[in-house]
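An overview of the molecular structure
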Amino acid sequence: MLRGEETTPGGIVYGPKAGFNITAPEGWVVDNESGKGQDMPCVLYPKGSSWGDAKTVMYAKVASPQWEGVEAFVAWAIQGMKAKHGTPKQKIASGKTKDGHDYFINEYPATKTYSQWERVGYVQLPQGVAYIGLTSRGKASYQKDSGQLEKVLKTLVYVEPKSEAASGQEYARRYRQLLDQHAEEQIEPLLTEWREKAPDDPDAWITSANYYFNQRQTNISTKKPDPGDITLTDKKGKLAGSISFEQTNENMKRAAILLQEATTKFPDHLDIWCGLAFMYQERGDFDNELSTLKKMVAYTREHPTQLKWLKGAPLSEPADKFVPEKLHEYGLYYEKKQNPEDDKRCYQIATLATEQYPNDPQGFNDAAGYWADIGEWQKAREMVEKAHQIDPKSVGALLNLGNISVEMKDFASARKYFEEAVKLDPNGEYGRDAKEALQKLKKK
């Protein structure tokens, strides 16, 4: 870990559309290395301490490029942090940076479930938003050091952004051009150069990985054609064989390695994690797929805000809703195969969801499906009951509870669940199914 004496008093933070320079307050240092693994390009802490052990630290960043207005960015950030921080104290201070840009500060006090005391200063820059956060491990440290944030904000000076975004767009254009020209011998050197010259552009890694993943090897065989193969016939029109286009292990491995690198460089891009898990799924490598999903979940649990999806866009819903739904999609792939081995894989993903997101019903529903498939009705019932407790108005869970109760010969409970389902969904598909189930119960 770099110590204060080995770092510099000032630093520059770059984003695709904006950048800024800051200077450390007296007794503090700027460190442009220690926070990189946590997507923190510039961190500050008191001299004699380190990024890892200081009681109070600061970090400086530029918001993702889709956020050009400070008010919209702050509203989105507050929404994402509500679960952890509750409602913040907004605009507790305001002022101007060294070069005259407006800033304001929000305070995010500690809660019963989150012990950190934090405040963040936000600055409107041309075509971008700068933000500097201060976080303390306890209230005493926070009260002692919180004034340092405004001192840093007053040193901030806007700088023109690097041209990496523009160069990335140019590389993307040249890549598409070479694809159209079928100039395969030029594509790989271009992708390598793109990653070297634009190291902060996630698309450099995503495009490279997709290129290798989509490479196909042509195989000519006497076997019957599978769906998607080209059929070969002899001069008389009889079937002679087929031409297939298959992925090679070498290219799939190269694609996975590139996305592994990308998850380290851009851990807040959940589309990259999911893409890597999908590649392992396509290779039939479930162990690495599950490992990737676990790492993704671990990161999102530690960093639930400012997560990104395709093209750097923010998640469409909070992480504790978005991620369980993605886990469900990966589990569904195996559930649809309907064989014991893949059922177990679906259950492993469902277990990850229930352990890490116990307030979301989807994982419990998926786990219940596994136990029902193997006739373990009591365990299936316990899982659906948990899902029902989380979402009492889920008609699907009520219908499942009714059907499981029928299998367990608990007809009184089944009737109660079906009747509740009819009340909640009298004209819907689930409601109709519940009505049919009640008619069958009358015959028992």
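Above this note sits the structure.
Since this is a predicted model, take the numbers as computed values, not measurements. (Residues numbered from 1 in each chain as written. Predicted model: local features only at pLDDT ≥ 70, side-chain atom pairs only at ≥ 80, totals over all residues. Heavy atoms only, no water.)

**Considering the overall build of the protein**
We count it as follows: Helix and strand assignments follow DSSP, with helices taken as H or I runs no shorter than four residues and strands as E runs no shorter than two, numbered in order from the N terminus. The buried label goes to any residue with under 20% of its type's maximum accessible area, the exposed label to any with over 50%, and the partly exposed label to all in between, with areas taken from a 1.4 Å probe on protein chains only. Residues count as neighbours in contact if any of their non-hydrogen atoms are within 4.5 Å of one another. The Shrake-Rupley method, run with a 1.4 Å probe, gives the accessible areas here. Residue values count only the displayed protein chains as cover.
Along its length, the protein carries 16 helices and 13 strands. In the protein, which comprises 444 residues, the proportion classed as buried is 46%. Here the contacts in the protein between residues at least 6 apart in sequence split such that 54% fall between residues at least 24 apart. Accessible surface for the protein amounts to roughly 23,100 Å². Of this, 49% is attributable to carbon and sulfur atoms.

**Here's the deal with the nonpolar core**
Formally: By convention a nonpolar core is built from buried Ala, Val, Leu, Ile, Met, Phe, Trp, Tyr and Cys residues, the set being connected through side-chain atoms within 4.5 Å.
Counting 28 residues, the largest nonpolar core has Trp 194 and Leu 259 as the members making the most contacts within it. No other element matches helix 6 (residues 202-213), which puts seven residues into this core. Other than its neighbours up to four places away in sequence, Trp 194 contacts Gly 168, Tyr 171, Ala 172, Asp 201, Asp 203, Ala 204 and Thr 207. Ranked by size, the runner-up nonpolar core spans 27 residues in total, among them Ile 22, Ile 132, Leu 149 and Leu 153.

**So, the sheet that holds strand 6 (residues 89-96)**
What counts, and what does not: For two strands to count as paired, DSSP must find a minimum of two bridges between them. All axes are obtained by fitting lines to C-alpha atoms, using only the stretch in contact for helices, and the reported angles, taken between N-to-C directions, cover 0 to 180 degrees.
Here we have seven strands laid out as an open sheet, ordered 3-4-5-9-8-7-6, and antiparallel in their pairing. Two strands lie at the open edges of the sheet, namely strand 3 (28-31) and strand 6, each paired on one side alone. Averaged over all pairs of adjacent strands, the angle between strand axes in this sheet comes to 20°, irrespective of strand direction. Of the pairings in the sheet, the one linking strand 8 (residues 117-125) to strand 9 (residues 128-136) comprises nine bridges and is antiparallel in character. If you follow Trp 117 over to strand 9, its bridge partner there is Ser 136.

**Some words on the pairing of strand 7 (residues 102-108)**
Taking burial as the measure, the seven residues of strand 7 include six buried ones, the bulk of the element. The turn joining strand 6 and strand 7, which pair antiparallel and follow one another in sequence, is formed by five residues; a positive phi near 95° is taken by Gly 100. With six bridges joining them, strand 7 and strand 8 adopt antiparallel strand pairing. Bridged to Tyr 103 within strand 8 is Val 123.

**Topic: the packing of helix 10 (residues 319-335) against helix 11 (residues 340-356)**
So the rule is basically this: Roughly parallel means an angle under 35 degrees; roughly antiparallel means over 145; roughly perpendicular covers 65 to 115; every other angle is labelled oblique. What makes a crossing left-handed is the near helix being turned counterclockwise from the far one by less than a right angle; a clockwise turn instead makes it right-handed.
Contact geometry of helix 10 with helix 11 gives a least axis separation of 7 Å together with a crossing angle of 165°. Overall, the two elements helix 10 and helix 11 adopt an arrangement that is roughly antiparallel. Crossing geometry of helix 10 relative to helix 11 is assigned as left-handed. Contacts between helix 10 and helix 11 involve Leu 327, Tyr 330, Gly 331, Tyr 334 and Glu 335 from the first element and Asp 342, Asp 343, Arg 345, Cys 346, Ile 349, Leu 352 and Ala 353 from the second.

**Side note on the side chain of Glu 118**
Note the following rule: Any N or O atom pair separated by 3.5 Å or less is treated as a polar contact, with the protein-specific requirement of one donor-capable and one acceptor-capable atom, and with residues adjacent in sequence counted only for side-chain atom pairs.
Secondary-structure assignment places Glu 118 in strand 8. Overall, the relative accessible area of 9% leaves Glu 118 in the buried class. Here Thr 135 takes part through its side chain, which lies 3.3 Å from a polar atom of the side chain of Glu 118. When residues no more than four places from it in sequence are discounted, the contact partners of Glu 118 are His 85, Asn 106, Glu 107, Tyr 108, Pro 109, Leu 134, Thr 135 and Tyr 142.

**Comments concerning the pattern of salt bridges**
Heads up, the condition is: A carboxyl oxygen of Asp or Glu within 4 Å of a side-chain nitrogen of Lys or Arg is what we treat as a salt bridge.
Per the stated rule, a full pass over the model turns up 15 salt bridges. Its salt-bridge partner being Arg 119, residue Glu 107 comes within 3.3 Å of it at the nearest N-O pair. Taken as a pair, Glu 107 in strand 7 and Arg 119 in strand 8 lie far apart in primary sequence, 12 residues in all. The buried category is assigned to Glu 107, whose relative accessible area is 9%. Between Lys 326 and Glu 329 there is a salt bridge, with the nearest N and O atoms lying 3.6 Å from each other. One end of the pair, Lys 326, and the other, Glu 329, are both in helix 10, three residues apart, so they sit about a helical turn from each other. Salt bridges sharing partners connect three or more residues here, namely Lys 89, Glu 107 and Arg 119.

**Considering the packing of aromatic side chains**
Convention followed: When the centres of two rings from Phe, Tyr and Trp lie within 6.5 Å, Trp using its six-membered ring, the rings pair. Their planes under 30 degrees apart give stacked, over 60 give edge-to-face, and anything left gives tilted. The criterion is that NZ of a Lys, or CZ of an Arg, lies within 6 Å of the ring centre and within 35 degrees of the ring normal, and then a charge sits over that ring.
Taken as a whole, this structure holds 18 aromatic pairs when the rule is applied. Residues Trp 117 and Tyr 142 carry aromatic rings whose centres are separated by 5.4 Å and whose planes lie at 35° to one another, so their mutual orientation is tilted. Pair noted here: Trp 117 is in strand 8 and Tyr 142 is in helix 2 (residues 139-145), with a separation of 25 residues, a long-range link. Each member of the pair Trp 117 and Tyr 142 is classed as buried. Among the aromatic residues, those joined into a cluster by ring pairs are Trp 67, Phe 73, Trp 76, Phe 104, Tyr 122 and Tyr 131. Lying over the aromatic face of Tyr 417, Lys 416 brings its terminal NZ or CZ to 4.8 Å of the ring centre.

**Comments concerning the pairing of strand 4 (residues 42-46)**
Most of strand 4 sits inside the fold, with four of its five residues counted as buried. Here three bridges tie strand 4 to strand 5 (residues 56-62), and the two strands are oriented antiparallel to one another. In the sheet register, Cys 42 faces strand 5, and the bridge partner there is Ala 60.

**As for the side chain of Asn 106**
Here Asn 106 shows up in strand 7. One polar contact links the side chain of Asn 106 to the main-chain amide nitrogen of Lys 91, over a distance of 2.7 Å. Those residues in contact with Asn 106 that lie beyond four places of it in its chain are Val 74, Ile 78, Lys 89, Gln 90, Lys 91, Glu 118, Arg 119, Val 120 and Tyr 122.

**Describing the packing of helix 14 (residues 395-407) against helix 16 (residues 429-442)**
Packing of helix 14 against helix 16 leaves a shortest axis separation of 10 Å and a crossing angle of 20°. Classed by the angle they form, the pair helix 14 and helix 16 counts as roughly parallel. Our pair here, helix 14 against helix 16, has a crossing hand that is left-handed. In this structure, helix 14 contributes Val 395, Gly 396, Leu 399 and Val 406 to the contact, and helix 16 contributes Tyr 430, Asp 433, Ala 434 and Leu 441.

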